[in-house]
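Summary of the model geometry
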Amino acid sequence: MTILWRNSKCRAGMIMLAAFILIAVFAAVIAPYGPRVSDFGASEGPSGAHWLGTTARGEDVFSQLVYGARTSLIVGLVAGVLSTLIAMAVGLTAGYLRGVVDEVLSFFINLGLVVPVLPLMVVLAGYAPVKGLGLIIVVITVTGWAYGARIKRAQIITLRTRDYITAAKFAGDSTARIIAFEIVPNMISLIVVGFMGAALGAIGAEAGLAFLGLGDPQTVSWGTMLNQASLGGALTTGQWAWLVAPGLVLALLITSFTLMNFGIDALSNPHLRED
Amino acid sequence: MLYFLRRTGFFVATLWAAVTLNFLIPRLQPGDPAQALLARLQGNTQAVNPAQLAAIRKMLGTHDGNLLSQYWDYLGAVVHGQFGVSYSYYPYSVTAMIATALPWTLILVGVTQIASFAIGTLLGAWAAYRRNSRVDSVITLGSTFVGTLPFFWIGLLLIFVFAITLNWFPDGGGYGGGSSPSWTWLFFSDAFQHSVLPALALLITGPVGWIIGMRNNMVQTLGEDYARLARAKGLPRRRIALTYGARIAILPNVTGFAIALGGLLGGTVLVETIFNYPGLGRLLLEAVSNKDYPLMQALFLFTTIGVLIANFLADVTYGFLDPRVRRAEAT
């Protein structure tokens, strides 16, 4: 952690992410109104009472923006954790056992990599009878684990023939114990990077799906905001704030992840280190 | 040779898996999408052709017969290209709808993807060649920044600025209301005008991945021993960069090209929806919002098969370009 903190890009990213988490946790305190309170004039421009104007239904845009941070972070966290777990289970089993198991699992990993993800998400979301955040998280998890699994498989293949693994085998440790206590601790940085990538992908995918109108329209998220802004005529009424703000905060959240990744990359790949 | 055999085997296996996945998805749903659709079709005033109904039954599965015989019927329908009739565009068949939308997406995606690849690879190579100079930091930081911008949001902003505020380009659609698709100059110039903004939206974010990939690969190849030897021999810098660095660094980008195609097809769903562009992506979203299951299913199958073919071609090309891959797989 301290090494990451010393990297200036990484530090900036961590501070930005911390700010987003604080905003999400204290959304009720920060937002001046409820996100779905529609007591205000419709489609107003920015003013003192409504910093970013109001929606076509008369809701406060700034309050929605604040609450939207919650949705993005929850989706990122839950879908990120779930797809990391699947990726670990599949990748580690395939890489450690090799043989037929590896052939079969690798086939599924490669299949997961080549199937076009967004059309698959759209189709899955289209068949589902209920719309909602849970569905979106499931769809993102089902479609997003393959990349991480491939990387973890490659890593465990280089680890499994190390001396300390052989030693553990001779000591009579079970396969599960070797994976959990000998291999996983040596892959922590890879798992963290994989989780961040998965979380980032999930946040982007949620915004995209919600923007396409496949989410629950009652959920307050940046994607739904952009969807309602473009349907609610923000383009023609000239409400630039309603249109610009959700995309900008989404870009800032993605930037914070990218900056942290720079730090971790520089740590693990000396070729990219700046001196 | 073994490499090509293995790749062909993988291609056939993934193709089969994609077709099977397409069989399973509607059948795994709670409720019965096929029955619901048939009920809605029967509500239509026009009578539905019995052959079309049979095709829908095979594709989506009604709960008659066991799963195995359903699967057999489904495979037969796929092989014969019977994907049924579109619900939202009744009485057009699903294949007819896809055939109309396909050229729009192919042209838009084809042109922008090749341009993105060329621009991105060149900029990435330039940044690596001038590593740690001002050019490098402008390219690297600039592309990283652009890469964080949500891509559908860029599309919305482009419409806001160039179509509505400045009124330079139309705000959506594939061609103007006055014209219809024909082989005339007027239609082509109109269609071109309509495609500028969607193409721009794809071109702004498109090169980012190639820039970063190419730069990092080439920084690595330029640090290899053979590049060091070339420098020691006193070869000109430009030659080292092009024939020792870039030539090898470009290889991973070639495989990346095909994989990116899958992601790009996803991107077209967003771009085409924003710009109301008459391609496959918008058709898919329309099918989803109208619960037009036959169209949805066929579209997903077609895009997946397209991506699989592209991947196969990339694998084969890669084998020709890099002999090491062929040998590595043989051992």
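It should be noted that the structure appears before, not after, this text.
These notes cover the structure that comes with them. (Residues numbered from 1 in each chain as written. Chains lettered and ligands numbered in written order. Predicted model: local features only at pLDDT ≥ 70, side-chain atom pairs only at ≥ 80, totals over all residues. Heavy atoms only, no water.)

Side note on the overall build of chain B
For chain B, the count of helices and strands is 14 helices and zero strands. When the elements of chain B are put in sequence order from the N terminus, they spell out α-α-α-α-α-α-α-α-α-α-α-α-α-α. Looking at chain B as a whole, 48% of its 331 residues are labelled buried. Total accessible area on chain B stands at roughly 16,200 Å², and carbon and sulfur atoms take up 67% of it. (Helix = DSSP H or I, 4+ residues; strand = E, 2+ residues; numbered from the N terminus. Buried < 20%, exposed > 50% of the residue type's maximum accessible area, 1.4 Å probe, protein only. Areas by Shrake-Rupley, 256 points an atom, 1.4 Å probe, with all protein chains shown as cover.)

Re the pattern of salt bridges
This model, assessed by the stated rule, comprises seven salt bridges over all chains. The salt bridge partner of E286 of chain B is R282 of chain B, with a shortest N-O separation of 3.4 Å. Of this pair, E286 of chain B and R282 of chain B both sit in helix 12 (residues 280-289), four residues apart, which is roughly one turn of that helix. By relative accessible area, which is 21% here, E286 of chain B ends up partly exposed. Residues joined by salt bridges that share partners form a network here, namely R98, D102 and R153 of chain A. (Salt bridge = Lys/Arg side-chain N within 4 Å of Asp/Glu carboxyl O.)

Describing the interface of chain A and chain B
With 42 residues of chain A at the contact, the number on the chain B side is 47 residues. When chain A packs against chain B, close to 4,000 Å² is buried across both sides, 81% of that on carbon and sulfur atoms. At the boundary of chain A and chain B, one finds zero salt bridges. At the junction of chain A with chain B, the criterion picks out two residue pairs in polar contact (both at pLDDT 80 or more). Looking at the side of chain A that touches chain B, the elements with two or more residues in it are helix 5 (99-114), helix 6 (117-127), helix 11 (188-211), helix 12 (222-231), helix 13 (234-237) and helix 14 (240-268) of chain A. At 11 residues, helix 14 of chain A tops the list of elements feeding residues into the side of chain A that touches chain B. Considering only residue class, the side of chain A that touches chain B consists of 30 nonpolar, 10 polar and two charged. (Contact = heavy atoms within 4.5 Å. Buried area = accessible area lost by both parts, 1.4 Å probe. Polar contact = N/O pair within 3.5 Å; in protein donor to acceptor, adjacent residues only side chain to side chain. Nonpolar A, V, L, I, M, F, W, Y, C, P; charged D, E, K, R; others polar.)

Here's the deal with the packing of helix 5 (residues 94-129) of chain B against helix 13 (residues 293-321) of chain B
Residues and elements named next belong to chain B. Contact geometry for helix 5 and helix 13: axes closest at 10 Å, N-to-C directions at 50°. Considered as vectors, helix 5 and helix 13 are oriented oblique to each other. Taken as a pair, helix 5 and helix 13 cross one another with a handedness that is right-handed. Judged by residue contacts, V94, M97 and I98 of helix 5 engage P294, L295, A298, L299 and F302 from helix 13. Across the contact of helix 5 with helix 13, the residue classes break down as eight nonpolar, no polar and no charged. (Axes fitted to C-alpha atoms, helices over the stretch in contact; angles between N-to-C directions. Parallel < 35°, antiparallel > 145°, perpendicular 65-115°, else oblique. Left-handed = near helix turned anticlockwise from the far one by under 90°.)

Honestly, that's just the spatial picture; any functional story needs more than this.
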